[in-house]
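# Structural description and commentary
Now for the letters of each chain:
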Amino acid sequence: QVQLVESGGGLVQAGGSLRLSCAASRRTSTTAWFRQGAGIEREFVAAINQDNNLWYADSVKDRFTISRDNVKAMVYLQMNSLKPEDTAVYYCATGRTGSYTSIFGYDYWGQGTQVTVSS
């Protein structure tokens, strides 16, 4: 069992940047970020495993960077060149049981943090 708490969301103008943080109650192996916009199904954003292998959704490649601090049990999502379509509630997830990129591949989820990108 692990508890996750996201932070760092907020309102930003298009082209701006935000860094999201995911604080875990203990060190994890694989941690991922997902997002869910209004009227849109929750979708994969990025993942990182214990070996620092990385996975990114095509929609965020070259703009977002996932990283981790194992000592602090923190995972980050640096978001640059933000677009209005990035507006969503962002969730971190861990406890991988399946695909790195599937919502069904993780057992534990945070409460989410709102990211709003204005034009």
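Rules behind the numbers
- Residues numbered from 1 in each chain as written.
- Predicted model: local features only at pLDDT ≥ 70, side-chain atom pairs only at ≥ 80, totals over all residues.
- Heavy atoms only, no water.
- Buried < 20%, exposed > 50% of the residue type's maximum accessible area, 1.4 Å probe, protein only.
- Helix = DSSP H or I, 4+ residues; strand = E, 2+ residues; numbered from the N terminus.
- Pairing = 2+ DSSP bridges.
- Core = buried A, V, L, I, M, F, W, Y, C linked by side-chain atoms within 4.5 Å.
- Disulfide = S-S within 2.5 Å.

This next bit is on the pairing of strand β4 (residues 31-36). Of all six residues making up β4, five are buried, and the element is well covered by its neighbours. One ladder, built from five bridges, connects β4 with strand β5 (residues 43-48); its direction is antiparallel. The partner of Arg35 across the bridge, within β5, is Glu43. Hairpin geometry of β4 and β5 is characterised by an intervening segment of six residues between the two adjacent antiparallel strands and by a positive phi of about 70° at Gly39. Direction of pairing for β4 relative to strand β9 (residues 88-96): antiparallel, over a ladder of six bridges. Bridging from a neighbouring strand, Gln36 pairs with Val89 of β9.

This part takes up the nonpolar core. The biggest cluster of nonpolar side chains holds 32 residues, and the ones touching the most others in it are Trp33, Val45, Phe64, Leu77, Met79 and Tyr90. Of all the elements in the fold, those that place two or more residues in this core are β3 (18-24), β4, β5, β7 (64-69), β8 (74-79), β9 and β11 (113-118). With five residues, the single largest contributor to this core is β5.

What the rule picks out here adds up to one disulfide. Put simply, Cys22 and Cys92 are joined by a disulfide, and their sulfur atoms are 2.1 Å apart. Around the S-S axis, the bridge from Cys22 to Cys92 shows a dihedral of about 70° and counts as right-handed. Residue Cys22 is located in strand β3, and its partner Cys92 is located in strand β9; the two are separated by 70 residues in the primary sequence. Side by side, Cys22 and Cys92 carry an identical accessibility label, which is buried.

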